[in-house]
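In case you want the letters, here they are:
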Amino acid sequence: MLLRCFLLVSVFSGVCLPAYAERLIIPLELTPNGFLPKQLHIPANTRIQIKLNNNTKKVAELESYDMKFEKIAVPNGHISVFTGPLKAGKYTFFNDYASNVAGTVIVKKP
């Protein structure tokens, strides 16, 4: 009953889903050898959610200065980071807890 009331209030009051619900979801995996894939390709002006699966036995930190996110992932854990909309260009992300473990997001104009 409570859920039904919430849905009715939401519909008639103009309340909408949070902005992150409308994002392009991009899967990313961290292995002992690095990120898979190493390059992510998205269209310009798109909001994204990167869903990282940390398939290692070590704590990792998915970080990007360019895209302004930083989040810890426990061993064999899952995290999500949100960014965008991004302009055309190349953006980097990395595991701050390991040297030489990095990837890129390539954003292209449609």
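Structure's up top.
Given the structure is predicted, the values throughout are model-derived calculations rather than measurements.

Rules and cut-offs
Residues numbered from 1 in each chain as written. Predicted model: local features only at pLDDT ≥ 70, side-chain atom pairs only at ≥ 80, totals over all residues. Heavy atoms only, no water. Phe/Tyr/Trp six-rings, centres within 6.5 Å; stacked < 30°, edge-to-face > 60°. Helix = DSSP H or I, 4+ residues; strand = E, 2+ residues; numbered from the N terminus. Buried < 20%, exposed > 50% of the residue type's maximum accessible area, 1.4 Å probe, protein only. 1 Å grid on protein atoms, 1.4 Å probe; cavity = no way out; pocket = protein on both sides within 12 Å on 5 of 7 lines; lining within 4 Å. Points joined across faces, edges and corners; volume = space filled by probe spheres on them. Nonpolar A, V, L, I, M, F, W, Y, C, P; charged D, E, K, R; others polar. Pairing = 2+ DSSP bridges. Axes fitted to C-alpha atoms, helices over the stretch in contact; angles between N-to-C directions. Polar contact = N/O pair within 3.5 Å; in protein donor to acceptor, adjacent residues only side chain to side chain. Contact = heavy atoms within 4.5 Å. Patch = residues over 30% accessible without salt bridge, like charges linked within 9 Å, V, L, I, M, F, W, Y side chains within 5 Å. Areas by Shrake-Rupley, 256 points an atom, 1.4 Å probe, with all protein chains shown as cover. Salt bridge = Lys/Arg side-chain N within 4 Å of Asp/Glu carboxyl O.

Chemist: Tell me about the packing of aromatic side chains, and name the residues and values.
Modeler: Any pair of aromatic rings gets described here by the distance separating the centres and the angle formed by the planes. Enumeration over the complete set of coordinates arrives at two aromatic pairs. The interplanar angle of 75° and the centroid separation of 5.0 Å between the aromatic rings of phenylalanine 35 and phenylalanine 93 together place this pair among those described as edge-to-face. Residue phenylalanine 35 is found in strand E2 (residues 34-36), and its partner phenylalanine 93 is found in strand E8 (residues 89-95); the two are separated by 58 residues along the sequence. In this pair, the class of phenylalanine 35 matches that of phenylalanine 93, namely buried.

Chemist: Describe the layout of surface pockets, naming the residues involved and giving the relevant values.
Modeler: Its volume calculated, the largest pocket comes out at about 180 Å³. Lining the largest pocket are 13 residues, with Pro32, Thr56, Lys58, Asn95 and Ala98 positioned closest to its centre. The class makeup of the residues in the lining of the largest pocket is seven nonpolar, four polar and two charged.

Chemist: Break down the sheet that holds E2 for me, citing the residues and quoting the values.
Modeler: The mixed open sheet is built from four strands, whose spatial order is E2-E1-E4-E7. Both edges of this open sheet fall to E2 and strand E7 (78-83), since each of them pairs with a single strand only. Across the sheet, the axes of successive neighbouring strands diverge by a mean angle of 25°, strand direction being ignored. Alignment of strand E1 (residues 24-31) against E2, held across three bridges, turns out to be antiparallel. Across the sheet, the residue bridging to threonine 31 is glycine 34, located in E2.

Chemist: Lay out the side chain of glutamine 49 in plain terms, naming residues and giving numbers.
Modeler: In this structure, glutamine 49 sits in strand E4 (residues 48-54). Within the structure, the side chain of glutamine 49 is placed 2.9 Å from the side chain of serine 80, a separation counted as a polar contact. Ignoring anything within four residues of it in the chain, the contact list for glutamine 49 reads Arg23, Leu24, Ile25, Ile26, Ser80, Val81 and Phe82.

Chemist: Describe the pairing of E1, and please don't skip the residues or the numbers.
Modeler: Pairing of E1 with E4 involves seven bridges; the strand directions are parallel. When the bridges of E4 are listed, isoleucine 26 appears paired with isoleucine 50. Hairpin connection from E1 to E2: two residues lie between these consecutive antiparallel strands.

Chemist: Tell me about a nonpolar patch on the surface, and please be specific about residues and values.
Modeler: Taken together, the side chains of Val59, Ile72 and Tyr97 present a nonpolar region at the surface, about 270 Å² in accessible area. Positionally, tyrosine 97 belongs in the loop between E8 and strand E9 (102-108).

Chemist: Which residues make up unusual backbone geometry, and what are the values?
Modeler: In this structure, the amide linkage connecting leucine 36 to the following residue, proline 37, adopts the cis form with an omega of -10°. In this fold, proline 37 is placed in the loop between E2 and strand E3 (39-43). Positive phi, close to 60°, is recorded for lysine 68, a residue that is not glycine. By the secondary structure assignment, lysine 68 is in the loop between strand E5 (60-64) and strand E6 (69-73).

Fair warning: the whole summary comes from geometry, so function is off the table for now.
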